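Commentary on secondary and tertiary structure
Chain by chain, the residues:
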Amino acid sequence: RWRFRHLFVDEFQDVNPLQFALLRAWLGDRTDLCVVGDPRQAIYAWNGADAGYLNEFARHFPGAELRELRDNYRSTPQILAVANAVIAEREVGAPLRPNRPPDEPPVIVEYANDANEARGIARSVRDNHGPSRPWSDQAVLARTNAQAALIADALGRVGIPHRVRGGAALTAQPEVKEALRRLRGARAPFAVALADLEAEVSGRFAEETETGEALPTDEGEGPQETEQQEQRRANLAALVQLGNDYLGLDPSASAAGFVQWLNAAARSEDAGGGTDAVEVATFHAAKGLEWPIVHVAGVEAGLVPIGHAKTPDAEAEERRLFYVALTRAERVLRLS
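Figured I'd write up the structure that's included with this text. Position numbers for residues count from 1 along each chain, tracking the sequence in the order it is written. Residues qualify for local features only when their pLDDT is at least 70, as the model is predicted, and side-chain atom pairs are given and counted only at 80 or more; totals for whole chains, interfaces and linings, by contrast, use all residues. Hydrogens are left out, water is left out, and the side-chain values use all remaining heavy atoms of the structure.

1. Thoughts on the packing of aromatic side chains
Note on aromatic pairs: the rings of Phe, Tyr and Trp (six-membered ring only in Trp) are paired at centre separations within 6.5 Å, and the planes decide the class, stacked below 30 degrees, edge-to-face beyond 60, tilted for the rest. For the coordinates displayed, the defined rule picks out five aromatic pairs. Plain terms: the ring middles of Phe20 and Tyr53 are 4.1 Å apart, the flat faces sit at 10° to each other, and that makes the pair stacked. One end of the pair, Phe20, is in helix 1 (residues 17-27); the other, Tyr53, is in helix 2 (residues 52-55), with 33 residues separating them in the sequence. An angle of 35° between the planes, with centres 4.8 Å apart, marks the rings of Phe57 and Phe61 as tilted. Charge over a ring is defined by NZ of Lys or CZ of Arg lying within 6 Å of the ring centre and within 35 degrees of the ring normal. If you follow Arg24 out to its NZ or CZ, it ends over the ring of Phe61, 4.5 Å from the centre. A helix here means a DSSP run of H or I that spans at least four residues, while a strand means a run of E at least two residues long, and both kinds are numbered starting from the N terminus.

Laid out in structure tokens, this is it:
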């Protein structure tokens, strides 16, 4: 306490009970504390964060001076109007005020399925690139890692340099690693082994849905939370789709070739941070970042909001998460 006399906490809406207890211990009986936070960006309740520490700051620290910062300097009035419409004023107070000049209104595009959507996004990214507009001016944001993997694949197919924020998130997941190990070890041809995996995944997660409980994994883990169930299902479904895409390139493909192809894609996605590349990220990973042009993918029931958001609190957090995605855009916003 003698050494650290003035405490400042950023992103205070993300503080969890343990962090708040640590802050209290550092402070002792002093009040020399400054925090900054945005209740519109409280998106980590599922991970223990409690925005109540920000929303009820005056109750936790009586006599505190509160200042509301309502001016937004990032997004155009058109983008901010869309973002403000997503958030309920009763939850976070008055909407933000734009300070940038007007520009083109956000665009909504429909596709028949996620494969068509990924290809359409790739075309739009290419159309928005030019001599005076680098690839790094653009980002593609999705709700889940599985979606990000499919979009990255579509960008790679047409030669658009891209980088997946978080680095090869899909292939790093335990269930995906195990599935790839089994594919490589299968005696059947790759196409047959992949079809078996697809049938197993569909049947396995259908049973989880019926029982309301997660099944143990091959490692013998116990039941998982609903969000983990859905994320594992989405990850394995994305792996199967990528496998089918790879078979489309080479019907006689092997499992070893598929794994090598995935690893090569992951290396190119995660290549040097200084390169000119389109950023592909989940809504959560995009928090705190901004781009002139943002493509938001998968704006549909089951993803936005996510399917397991059944309670009013969970739905409210999904609205805030969507708000975070929308407000990453400075000038152009394209939703599909």
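2. Observations regarding helix 13 (residues 312-326)
A helix is expected to span 1.5 Å multiplied by its residue count minus one. With 15 residues, helix 13 should cover 21 Å at 1.5 Å per step; its first-to-last C-alpha distance of 21 Å lies within 8% of that length. To sort residues, take the accessible area from a 1.4 Å probe on protein chains only and compare it with the maximum for the residue type: under 20% means buried, over 50% means exposed, and anything in between is partly exposed. The complete set of buried residues in helix 13 reads Ala316, Glu317, Glu318, Arg320, Leu321, Phe322, Tyr323, Val324, Ala325 and Leu326.

3. Section: the nonpolar core
To qualify as a nonpolar core, a set must consist of buried Ala, Val, Leu, Ile, Met, Phe, Trp, Tyr and Cys residues joined through side-chain atoms within 4.5 Å. Membership of the largest hydrophobic core comes to 28 residues, with the highest contact counts inside it found for Leu141, Phe283, Val294, Val296, Phe322, Leu326 and Leu333. At six residues, helix 13 tops the list of elements feeding residues into this core. Whether two residues are in contact is decided by their heavy atoms: any pair within 4.5 Å suffices. With sequence-adjacent residues up to four places away left out, Val296 is seen in contact with Leu141, Phe283, Phe322, Ala325, Leu333, Arg334, Leu335 and Ser336. If you look at the next biggest cluster of nonpolar residues, it comprises 26 residues, including Val176, Leu236, Leu239 and Phe258.

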